[in-house]
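Chain by chain, the residues:
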Amino acid sequence: MAASPGPAGVGGAGAVQGSGPSGFAFDSGLEIKTRSVEQTLLPLVSQITTLINHKDNTKKSDKTLQAIQRVGQAVNLAVGRFVKVGEAIANENWDLKEEINIACIEAKQAGETIAALTDVSSLNHPESDGQITIFTDKTGVIKAARLLLSSVTKVLLLADRVVIKQIITSRNKVLATMERLEKVNSFQEFVQIFSQFGNEMVEFAHLTGDRQNDLKDEKKKAKMAAARAVLEKCTMMLLTASKTCLRHPHCESAHKNKGGVFDRMKVALDKVIEIVTDSKPNGETDNSSISIFAGIKEFKMNIETLRENLYFQSKENLSAMLEVILERTEDFTDSAYTSHEHRERILELSTQARRELQQLISVWIQAQSKKTKSIAEELELSILKISHSLNELKKETCRLLRHVCGTEPLEITCIHAEETFQVTGQQIISAAETLTLHPSSKIAKENLDVFCEAWESQISDMSTLLREINDVFEGRRGEKYGYLSLPKPMKNNANLKSLKPDKADSEEQAKIAKLGLKLGLLTSDANCEIEKWGDQESEIIRCGRNMARVAYSLYLFTRGEGPLKTSQDLIHQLEVFADEGLQLASSVQAFSKQLKDDDKLMLLLEINKLIPLCHQLQTITKTPLQNQVFLKVDKCITKTRSMMAILVQLLSLCYKLLKKLQMENNRWVSVTNKDSVDGKT
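Residues numbered from 1 in each chain as written. Predicted model: local features only at pLDDT ≥ 70, side-chain atom pairs only at ≥ 80, totals over all residues. Heavy atoms only, no water.

The name an unreviewed UniProt entry gives the chain is Alpha-catulin, with Equus caballus as the organism. The record in UniProt for the chain states the following under Subcellular location (unreviewed entry): "Cytoplasm". Database annotation for the chain, UniProt heading Sequence similarities (unreviewed entry): "Belongs to the vinculin/alpha-catenin family." (UniProt positions renumbered as here; feature names shortened; annotations may be inferred.)

In structure tokens:
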């Protein structure tokens, strides 16, 4: 459903009044419904077209008549489902309600007309004489089919505008919460706001993930993937960077580190909106993805056409193409890593290419007026000379990965990787400076570890990117590498550790990635709750910390990162997670015995939710893999996520009840001491 975004006004953030979470759930569910109905309708309309083109003298057997009638009825039923979805969208989007309802009425009328005209089951009976059908009114069927396609397209375009509005509204909510996070001064307030921020980021990730899957333009899809990757990774960095600032409020390097994360996330959020609204700020044009490799390849193809047709190209066009290529060489001539000799060689070849193009244009003009053998030979020589110069230039310049990647989507991914390395490198330096100034700070150490892990993650992504680029040059362009380290399905799991990663189906991969993102955010929430306990040590905190550690390794696994490499590794960690969950339940139950009945009941209710989930997870891990590896991972991550949500609740609840218990005990001690003093008096 990657239709155009509609009028430019939709893109205005201030004008957006999209339905929020309490409104109609037009997220992935509704989008999938609309798309599935669209996919049902179009093949049926194609069948109607076939029926319209049938020969009039074709024998109308009962079987043919029944087939025609079934198609008409199927179209009408599919239209009915489509209209219901459209009306639901209209009821929750008043600014588009009238337009959607009109299109729905047209679609309904078209469906009913097609059903009536294909009601031909009684044609072989005498009483059917005079009945208007597809056989007597082809024009009516054609008009109805056109009206149906037109109205369906209108609804899909309007629904697309709703999706765009929802993404913009979601982005605005995230930005507003980020502003609050930037200004927060207390850790308690930060924990509350970050929890809200996590939920909003999950919603935004879902909406943009569905949009990315629907995009037909591979360049836009690559840009969206890059922006979403920044947001996902920075969400984890934002937590530790902000905590470091709160712990060391007067540390300049800590504030610089935190500011870098916020700035990068804001740029990525803006990039997503540019993609979904198909707009550029201040009318900018994007030339960043024109690589030297691709530019030279296209330029050579164009000059080689002169051998066959002297009038196919314009001289201005070739000159402009060469200037774009030479402009991109500045990536190397301006680089501090380019030697003086290398820079001089690039400039020399650039000058030579310009000179040889002028020579080619001069011979080209002569060849258009003189059709002689000598001119043709001179033209061929000019083409060969400039081709040779550009090949030499390519050897000198195509040393940056993005200039040799071979396709525009991979080029965009290379640019994103380059930017990520540059930014992450600076952030590692600022995080290291903070730790140097505060060497005993646990949070500063944790923050540096997070940024170092981000660097390692980017190196892992680069190795995948290199394999994809290599595939392009070896002719395996369509092959995609999965980012889930899952083994190939086998009849038994005896040798799982030796298995190579399997390639995930894109929908399965997207689904598990979404679950993983939620798990990562819940891990952050759990760590925030654990942080409240300070230096207090208890069995509850020990279990909670272990569960959070395992959950984070599972989150990394969904991204193809971290220590877990095979399903056997995953299963072992899930078994540990389930065991820790049962130990946590036992520890909380022991703690509850110190509480009053009402407080005890609150804890027992949460324990009663946790224990069955632990047993269910243990059961799933013991189920044989067979050919359902992704289904098993899906179930395991879902159960783990539910258990982490309960863990966050339990940690918060136990902390509050412990404080309450301590206050009551202190009050009792105070009263006892007072009574003792009074007695002595």
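Picking up after the structure, the text goes on.
Student: Please explain the overall build of the chain as it appears in this structure.
Tutor: Secondary structure summary: the chain contains 19 helices and 0 strands in total. Split into buried and exposed, the 681 residues of the chain put 48% on the buried side. Sequence separation of at least 24 residues holds for 77% of the intrachain contacts in the chain that already meet a minimum separation of 6. Accessible surface, the chain: about 34,400 Å² in total, of which carbon and sulfur atoms supply 53%. (Helix = DSSP H or I, 4+ residues; strand = E, 2+ residues; numbered from the N terminus. Buried < 20%, exposed > 50% of the residue type's maximum accessible area, 1.4 Å probe, protein only. Contact = heavy atoms within 4.5 Å. Areas by Shrake-Rupley, 256 points an atom, 1.4 Å probe, with all protein chains shown as cover.)

Student: Mind showing me how you'd approach helix 6 (residues 218-247) here?
Tutor: Think of an α-helix as 3.6 residues a turn; residues three or four steps apart then line up on the same face. Relative to the 44 Å expected for 30 residues at 1.5 Å per residue, helix 6 spans 44 Å between its end C-alpha atoms, a close match to the ideal helical length. Bending of helix 6 peaks at approximately 30° at the position of T235. Among the 30 residues in helix 6, 21 count as buried, and that is most of the element. Where helix 6 begins, one side-chain oxygen reaches toward the backbone nitrogen of K219, 2.8 Å away; that side chain belongs to D217. (Expected span 1.5 Å × (residues − 1). Bend = angle between axes of the 7 residues up to and from the residue. Polar contact = N/O pair within 3.5 Å; in protein donor to acceptor, adjacent residues only side chain to side chain.)

Student: What's the story with the packing of helix 3 (residues 94-117) against helix 4 (residues 138-183) in this structure? I'm lost.
Tutor: The geometry of a pair of packed helices is captured by two quantities: the angle between their axes and the separation between those axes. Axis separation between helix 3 and helix 4 bottoms out at 8 Å; the angle between their running directions is 150°. Looking at the two axes, helix 3 sits roughly antiparallel to helix 4. Helix-helix and strand crossings are classified by hand; for helix 3 and helix 4 the assignment is left-handed. Residue composition of the contact of helix 3 with helix 4, by class: 16 nonpolar, 3 polar and 6 charged. (Axes fitted to C-alpha atoms, helices over the stretch in contact; angles between N-to-C directions. Parallel < 35°, antiparallel > 145°, perpendicular 65-115°, else oblique. Left-handed = near helix turned anticlockwise from the far one by under 90°. Nonpolar A, V, L, I, M, F, W, Y, C, P; charged D, E, K, R; others polar.)

Student: Explain the side chain of K258 to me, please; I cannot follow it from the model alone.
Tutor: Among the structural elements, K258 can be located in helix 7 (residues 252-277). Buried charge without a salt bridge: K258, with E182 as the nearest opposite-charge side chain at an N-O distance of 6.4 Å. Those residues in contact with K258 that lie beyond four places of it in its chain are L181, E182, A241, S242 and C245. (Lys, Arg positive; Asp, Glu negative; His and termini not counted. Salt bridge = Lys/Arg side-chain N within 4 Å of Asp/Glu carboxyl O.)

Student: Mind showing me how you'd approach the confidence of the model for the chain here?
Tutor: As a general rule, the predicted coordinates of low-pLDDT regions are not to be interpreted in detail. Here the chain averages 75 in pLDDT, and 76% of its residues register 70 or above. Helix 7 holds the highest mean pLDDT among the elements of the chain, 92, whereas helix 1 (residues 28-52) holds the lowest, 55. In this model, residues 1-29 is a region of pLDDT below 50 whose contacts with residues beyond four sequence positions or in other chains number 68 contacts. In this model, residues 283-289 is a region of pLDDT below 50 whose contacts with residues beyond four sequence positions or in other chains number 10 contacts. (pLDDT = per-residue confidence, 0-100.)

Student: Just to check I follow, could you spell out the pattern of salt bridges for this structure?
Tutor: If charged atoms from side chains of opposite charge come close, those side chains can pair. Under the criterion given, the structure shown has 17 salt bridges. For E323, the salt bridge is made with R354, and the minimal N-O distance between the two is 3.0 Å. One end of the pair, E323, is in helix 9 (residues 315-328); the other, R354, is in helix 11 (residues 340-369), and 31 residues separate them in sequence. Overall, E323 belongs to the partly exposed group, its relative accessible area being 37%. Among the salt bridges present, the one from E580 reaches R542, with a minimum N-O distance of 3.6 Å. Here the residue E580 occupies a position in helix 17 (residues 567-592), and R542 occupies one in helix 16 (residues 539-558), the gap between them amounting to 38 residues. In this structure, a network of salt bridges that share partners links the residues R345, E348 and E392.

Student: Help me understand the packing of helix 6 against helix 7 in this model?
Tutor: Following both chains from N to C, one finds helix 6 and helix 7 inclined at 155°, their axes separated by 8 Å at the closest point. Classed by the angle they form, the pair helix 6 and helix 7 counts as roughly antiparallel. Where helix 6 crosses over helix 7, the two elements pack in a sense that is left-handed. Class assignment for the residues of the contact of helix 6 with helix 7 results in 18 nonpolar, 5 polar and 5 charged.

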